[in-house]
Amino acid sequence: MAGRDAGTEPVPLDEIDRRIISELTRDGRMSVTQVAENVHISRAHAYTRIGRLTSEGVLSKFTALVDPIKAGLRSSAYVTLKLKQDAWRELRDQLAVIPEVHHVALVGGDFDVILLVRAVDNIDLRRVIFDQLQSMPGVLDTQTFLVFEDLDTR
């Protein structure tokens, strides 16, 4: 999960690094040759840069962007959690293994954690929220915000 080592220093990035990141964010399956062409550097240089960005943790994984509706996940919600003060470290690992939880963020404000939960339907969504999330030790309160439509801007 990104952000686990929140105390690490940022990696210095130059314009070429940022352009490589932009290309791979747009299409994680893009070949190194295509990245090199788009960024106007040699293939060897692109390969070296991508390797460095990966080893330094700037690029942590390459993944596909899935349309949740087409994948059969017709019900989505943002769920906020209020936690007991010392519950975060234990809960983050438990939340990360729930298949319906697609994003977890520790935040400041009126609640402690916000989750993006995607489920097959409202019955499945209810099961995740009531049976799994609300029953976790350390969870004091939840609030659910149904998503009617979402747009991924990446």
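Check the entry above for the structure.
Small disclaimer: the values here were computed from a predicted structure and weren't measured.

If you had to explain the sheet that holds strand 1 (residues 75-83) to someone new, which residues and values would you point to?
Taken together, four strands build an open sheet; the order of strands is 2-3-1-4 and the sheet is antiparallel. Looking at which strands have only one partner, the edges of the open sheet turn out to be strand 2 (101-106) and strand 4 (139-147). Ignoring which end each strand starts from, the neighbouring axes of this sheet average 20 degrees apart. Sitting on the sheet, helix 4 (residues 88-96) touches strand 1, strand 2, strand 3 (113-119) and strand 4, and the angle it makes with strand 2 is about 165 degrees. Across the sheet, helix 5 (residues 122-133) touches strand 1, strand 3 and strand 4, and the angle it forms with strand 3 is around 140 degrees.

Got a sec to walk through the nonpolar core? Specific residues and values, please.
Leu 81, Leu 83, Leu 95, Val 113, Leu 115, Val 117 and Leu 133 are the most contacted members of the largest nonpolar core, which has 21 residues in total. Mapped by element, the contributors of at least two residues to this core are strand 1, helix 4, strand 2, strand 3 and helix 5. Setting aside residues no more than four positions away along its own chain, Leu 95 makes contact with Leu 81, Val 101, Val 104, Val 113, Leu 115, Leu 133 and Met 136. By size, the runner-up hydrophobic cluster in this structure holds twelve residues, among which are Val 35, Ala 36, Ile 50 and Leu 53.

With reference to specific residues and values, describe the packing of helix 2 (residues 32-39) against helix 3 (residues 43-55).
Orientation of helix 2 relative to helix 3, taken along the N-to-C sense of each, is 105 degrees, at an axis distance of 8 Å. Judged by the angle between their axes, helix 2 and helix 3 are roughly perpendicular. Here helix 2 contributes Val 32, Thr 33, Val 35 and Ala 36 to the contact with helix 3, which in turn contributes Arg 43, Ala 46, Tyr 47 and Ile 50. Considering only residue class, the contact of helix 2 with helix 3 consists of six nonpolar, one polar and one charged.

Tell me about unusual backbone geometry, and please be specific about residues and values.
Its identity is not glycine, yet His 40 carries a phi of approximately 70 degrees, on the positive side. Along the chain, His 40 turns up in the loop between helix 2 and helix 3. On the basis of relative accessible area, His 40 is assigned to the exposed category, the value being 67%.

Account for the packing of helix 1 (residues 15-26) against helix 3, naming residues and giving values.
Packing of helix 1 against helix 3 leaves a shortest axis separation of 11 Å and a crossing angle of 85 degrees. Between helix 1 and helix 3, the interaxial angle falls into the category roughly perpendicular. Contacts from Ile 16, Asp 17, Ile 20, Ile 21 and Leu 24 in helix 1 reach His 45, Arg 49, Ile 50, Arg 52 and Leu 53 in helix 3. Along the lines of polarity and charge, the residues of the contact of helix 1 with helix 3 split into six nonpolar, one polar and three charged.

I'd like to hear about helix 2, residue by residue, with values.
Listed in full, the buried residues belonging to helix 2 are Val 35, Ala 36 and Val 39. An end-on view of helix 2 places all buried positions within 100 degrees of arc, on one side of the element. For helix 2, the elements touching its buried residues are helix 1 and helix 3. One or two steps after helix 2, the chain reaches His 40, where phi turns positive at roughly 70 degrees.

Parameters at a glance
- Residues numbered from 1 in each chain as written.
- Predicted model: local features only at pLDDT ≥ 70, side-chain atom pairs only at ≥ 80, totals over all residues.
- Heavy atoms only, no water.
- Pairing = 2+ DSSP bridges.
- Helix = DSSP H or I, 4+ residues; strand = E, 2+ residues; numbered from the N terminus.
- Axes fitted to C-alpha atoms, helices over the stretch in contact; angles between N-to-C directions.
- Contact = heavy atoms within 4.5 Å.
- Core = buried A, V, L, I, M, F, W, Y, C linked by side-chain atoms within 4.5 Å.
- Buried < 20%, exposed > 50% of the residue type's maximum accessible area, 1.4 Å probe, protein only.
- Parallel < 35°, antiparallel > 145°, perpendicular 65-115°, else oblique.
- Nonpolar A, V, L, I, M, F, W, Y, C, P; charged D, E, K, R; others polar.
- Arc of directions from axis to C-beta.

Just geometry here; none of it tells us what the structure is for.
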